[in-house]
Amino acid sequence: MTTPPAAQKPSASKEDRRQALVQAAFNQIAERGFEGLRTREVAAEVGVNIATLHYYFPTKEALIRGVVELSMQRFRSTLAPHGSPADQLRNHLRAVRRLLRDEPQLGTVMGELALRSARDSAIAGILEETNEAWHRTVRGLLKRAAREGHLRPELDSDEVASLVVATLTSMTLPAVAGPTRADQAGRQLERWLGIADAGPEGDPANSSN
């Protein structure tokens, strides 16, 4: 089930209206796929005309950028600045898996955009920017974890960050998505990094081999 856009009141701020338009576009992509995105219907769902939508988003690319930003905000919410760098990295891996389980429409939207990017250079550029920012964040966590002795020193933080982002991103693709495979990949990545702790998600004894 997709999230309804915020109800528009006469006094709605510009930012409220902008976010409602982005949410409506997100909902359309989740329900119909990228090809089903219709800007006039996005405007109508929020209760504004197409000219108002173009005031906030002059092009469809700008609206899609807003959808990507909304999606990445959800992913960034899984990066909690608590505990050691190793704890933060492990919690991030697990929180992303929970997020995709609890909000399947998020994976649907990101998967749609990723597939479209193969044929659309503008979307490819938007996704490249967001993934690069994600990569830098994960790389920073890996470097700090290595300095504190939580990771093997021979691991290349840049290459491992690429592996982490690629693994998490792949969980949104229809061909490989699924809670069982996602959990297996996440647990294996934790074990390989040496950050799996005891517990239902971290103990190899409690997971499938």
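Structure: above.
A quick note: this is a predicted structure, and the numbers were derived from the prediction, not measured.

### Concerning the nonpolar core
- Membership of the largest hydrophobic core comes to 54 residues, with the highest contact counts inside it found for L21, V67, F75, L113, V138, L142 and L193.
- Sort the elements by how many residues they give to this core and helix α1 (residues 14-32) lands first, with 8 residues.
- Leaving out residues up to four positions away in the same chain, L142 has contacts with L89, L151, S157, V160, A161 and L193.

### A short note on helix α5 (residues 85-102)
- Along its 18 residues, α5 runs 25 Å from first to last C-alpha, staying within 8% of the 26 Å computed at 1.5 Å per residue.
- The element α5 is extensively covered by neighbouring structure, given that 13 of its 18 residues are classed as buried.

### Some remarks on the packing of helix α4 (residues 60-76) against helix α7 (residues 121-147)
- Between α4 and α7, the shortest axis-to-axis distance is 10 Å and the interhelical angle comes to 25°. Classified by the interaxial angle, the pair formed by α4 and α7 is roughly parallel. Read as a crossing pair, α4 and α7 show a hand that is right-handed. Across from E61, I64, R65, V68, M72 and F75 in α4, the residues of α7 making contact are A122, I123, I126, L127, E129, T130 and W134.
- Considering only residue class, the contact of α4 with α7 consists of 9 nonpolar, 1 polar and 3 charged.

Here is what the cut-offs are and how they apply
- Residues numbered from 1 in each chain as written.
- Predicted model: local features only at pLDDT ≥ 70, side-chain atom pairs only at ≥ 80, totals over all residues.
- Heavy atoms only, no water.
- Core = buried A, V, L, I, M, F, W, Y, C linked by side-chain atoms within 4.5 Å.
- Buried < 20%, exposed > 50% of the residue type's maximum accessible area, 1.4 Å probe, protein only.
- Helix = DSSP H or I, 4+ residues; strand = E, 2+ residues; numbered from the N terminus.
- Contact = heavy atoms within 4.5 Å.
- Expected span 1.5 Å × (residues − 1).
- Axes fitted to C-alpha atoms, helices over the stretch in contact; angles between N-to-C directions.
- Parallel < 35°, antiparallel > 145°, perpendicular 65-115°, else oblique.
- Left-handed = near helix turned anticlockwise from the far one by under 90°.
- Nonpolar A, V, L, I, M, F, W, Y, C, P; charged D, E, K, R; others polar.

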